[in-house]
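Secondary and tertiary structure notes
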There are 2 protein chains.
Amino acid sequence: MSKYWSNTIKDIEPYVPGEQPKDKTYIKLNTNENPYPPSPRVIKAIKENTNNNLRLYPDPGCDNLKEAIASYYNLDRDQVFVGNGSDEVLAFSFMAFFDRERPLLFPTITYSFYPVYCRLLNIEYRQVPLQDDFTLNVEEFYRENHGIIFPNPNAPTGIYLPLSKVEKIVAYNIDKVVIIDEAYIDFGGKSAVSLIDKYPNLLIVQTFSKSRSLAGLRIGFAMGNKKLIEGLNRVKNSINSYTLDTLAMIAAREAIKDDKYFEETRLKIIKTRDRVAKNLRKIGFKVLDSRANFIFISHQSYPACDLFNELKDKGILVRYFNQPGISNYLRVSVGTEREMDVFIKTIEEIISG
Amino acid sequence: MSKYWSNTIKDIEPYVPGEQPKDKTYIKLNTNENPYPPSPRVIKAIKENTNNNLRLYPDPGCDNLKEAIASYYNLDRDQVFVGNGSDEVLAFSFMAFFDRERPLLFPTITYSFYPVYCRLLNIEYRQVPLQDDFTLNVEEFYRENHGIIFPNPNAPTGIYLPLSKVEKIVAYNIDKVVIIDEAYIDFGGKSAVSLIDKYPNLLIVQTFSKSRSLAGLRIGFAMGNKKLIEGLNRVKNSINSYTLDTLAMIAAREAIKDDKYFEETRLKIIKTRDRVAKNLRKIGFKVLDSRANFIFISHQSYPACDLFNELKDKGILVRYFNQPGISNYLRVSVGTEREMDVFIKTIEEIISG
């Protein structure tokens, strides 16, 4: 605490990201990074563009990248916003669309950054409960609100809400902005992007950090009606004219153009995920049905917190959230086939004592 | 305008950065970029680190870069904050230290992003007048306030406030945060960094975009008492855990380590600036005394706005601000010797009709 701090920051409790350990080499299954490297085209393009032009500011409009995304998703360029990771895009969205007066709704179990944004920006929020099986009852989002956000698939459960249900929520709340946080959509879900032209209140947020293997370069984006995108640009241009650097933009553009590589790697991850889930269920784990690049697991008799620590001791990092409702679960990112073999073997050893 | 926008963004007027033109090749003297490329060590380090590890998140603490900056300025690591360009660092500073209730002070003629932050964040501000010669009377900052910010050297005038006067302002306002925006300090001014251990209310913001030739990679930083730095971290970790990407961090670290290259290039720019100023004065220009990598000029008979347009027609981009008090001035970034020869020749041709 300091007398120099603004009232806002005195009260907030910042988000804590997963560890990026430096002490030793772990099998790192704790931050949902992609186990496969970025497309070789990305690496090549960055190297080719690492030159004297780095002395110049990037294009503040990020037009080339927006065009590549728009073209991939069959949108217009002015239906796309890009930013420094989807976290920044989400923060800007909260500033652009939500007010201090009326409550924003999101699920009780969800991406834990949402309440952090709310506290920083002084936005009221109410959390709607999930059902006992962690699925979302869409009618929970029919109550009074001034905006809605939820991840699909949800985090950290990995559970996917079918597009028809997403549409119901968007349609019912046509006068409020509904944000679908699709950070993990490429691992088996169906994006709501097809609904953009139908619903002016729909904003979709995605990232290059997961399915495009570019967590190191910080690229997120939003898609929606051009008036929503204009709102995001107003925020961005009131904070930082150039949020994406030259190399990150080039990398992202190449990544989205290399569809073959993208398909290959995301399908490999899905395959590994489903195999690991099956194996874990065989040895007494409850594994939620995941459409993400992670699984959310709980053992019938072995406490999650202990498992977390023992895995860490044995060189495997996973994520444990000490939160009501999920304190006996672990979130495990899907690594390579080999990494997951080691993970299963290690966890079998631990639980068999 | 859109019914979906929050009240905040309905009222704001975002900042407009200088053009990054795509239509043709200009001599680009409009955004204060460094005319010299980044250090060769920077280019080499980026290429070497463009590899599969880009799939991993960057270090959220940015420890290696903070250490390099701390070591350069003889500070502790926890006295350093880094961010996505100094604009982001400034925006975070406004959130961390200023409140909606009490007025923030900054000069009437100054970096035009400050009022933009205030409007976005709902911070009251009052602007203190400069003297007729554009210098700052320190006593203007003795009036009631809840915080102070000014660039030193000032933008867009380039005028430098001697360190003894900076210290007076900081000392007088010991209970308020005083931010010195030193984006241009390396071009002939003396940084207030030496005062950090003496004044817990002093925050200094700098950038790698100007004197380190890295505008394309978006790296800014702040230095101050560790409690102020902690405040900035609270804001950052409530918006985006990873604001700096892996390659930008590596680039910045190499840049600050290559002191020889830094000294060579900044001295070249200072030399060119002083030569250009001298030549322009000879042909009827008023040239303010600049300690930045730009000059602020006004012709005795030729209107700045016309000059701006004619220079642009002839392939030279400079910056014109249509604002009270400076509407007959042009801001001209210092380019290479050769670029400035062309600039002087062109401007001579224009004014001699």
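Here the structure is a predicted model, which is why all the values come from computation and not from measurement.

Residues and elements named next belong to chain A. Domain assignment breaks chain A into domain 1 (7-37 + 263-351) and domain 2 (40-259). Between the C-alpha centres of domain 1 and domain 2 there is a distance of 24 Å. Here domain 1 and domain 2 share 0 salt bridges between them. In this assembly, domain 1 and domain 2 are joined by 10 residue pairs in polar contact (both at pLDDT 80 or more).

Moving on to the sheet that holds strand β12 (residues 319-320) of chain A. As summarised here, the arrangement of the 4 strands in space is β9-β10-β13-β12 (chain A), forming an open sheet in which the pairing is antiparallel. The outermost strands of the open sheet, each flanked by one partner alone, are β9 (285-287) and β12 of chain A.

What follows is about the sheet that holds strand β3 (residues 104-107) of chain A. Residues and elements named next belong to chain A. Strand order across the open sheet formed by 7 strands is β2-β8-β7-β6-β5-β3-β4, with mixed pairing between neighbours. Looking at strand neighbours, the two that pair on one side only are β2 (80-83) and β4 (125-128), the edges of this open sheet. Strand-to-strand twist across the sheet, computed as the mean angle between neighbouring axes with direction ignored, equals 20 degrees. Summarising the sheet, β2 and strand β8 (residues 220-224) pair through 4 bridges and their orientation is antiparallel. Across the sheet, the residue bridging to Val80 is Met223, located in β8.

UniProt feature "modified residue: N6-(pyridoxal phosphate)lysine" (unreviewed entry): in the numbering of this structure it lies at Lys210(A). Here Lys210(A) lies in the loop between β7 (202-207) and β8. Note on Lys210(A): relative accessible area 7%, which makes it buried. The contacts of Lys210(A), once residues within four sequence positions are left out, are Thr31(A), Asn32(A), Asn34(A), Ala183(A), Tyr184(A), Phe187(A), Asn293(A) and Tyr57(B). In terms of polar contacts, Lys210(A) uses its side chain to reach the backbone carbonyl oxygen of Thr31(A), at 3.4 Å.

Thresholds applied
Residues numbered from 1 in each chain as written. Chains lettered and ligands numbered in written order. Predicted model: local features only at pLDDT ≥ 70, side-chain atom pairs only at ≥ 80, totals over all residues. Heavy atoms only, no water. Domains from an automatic or database assignment. Salt bridge = Lys/Arg side-chain N within 4 Å of Asp/Glu carboxyl O. Polar contact = N/O pair within 3.5 Å; in protein donor to acceptor, adjacent residues only side chain to side chain. Pairing = 2+ DSSP bridges. Helix = DSSP H or I, 4+ residues; strand = E, 2+ residues; numbered from the N terminus. Axes fitted to C-alpha atoms, helices over the stretch in contact; angles between N-to-C directions. UniProt positions renumbered as here; feature names shortened; annotations may be inferred. Buried < 20%, exposed > 50% of the residue type's maximum accessible area, 1.4 Å probe, protein only. Contact = heavy atoms within 4.5 Å.

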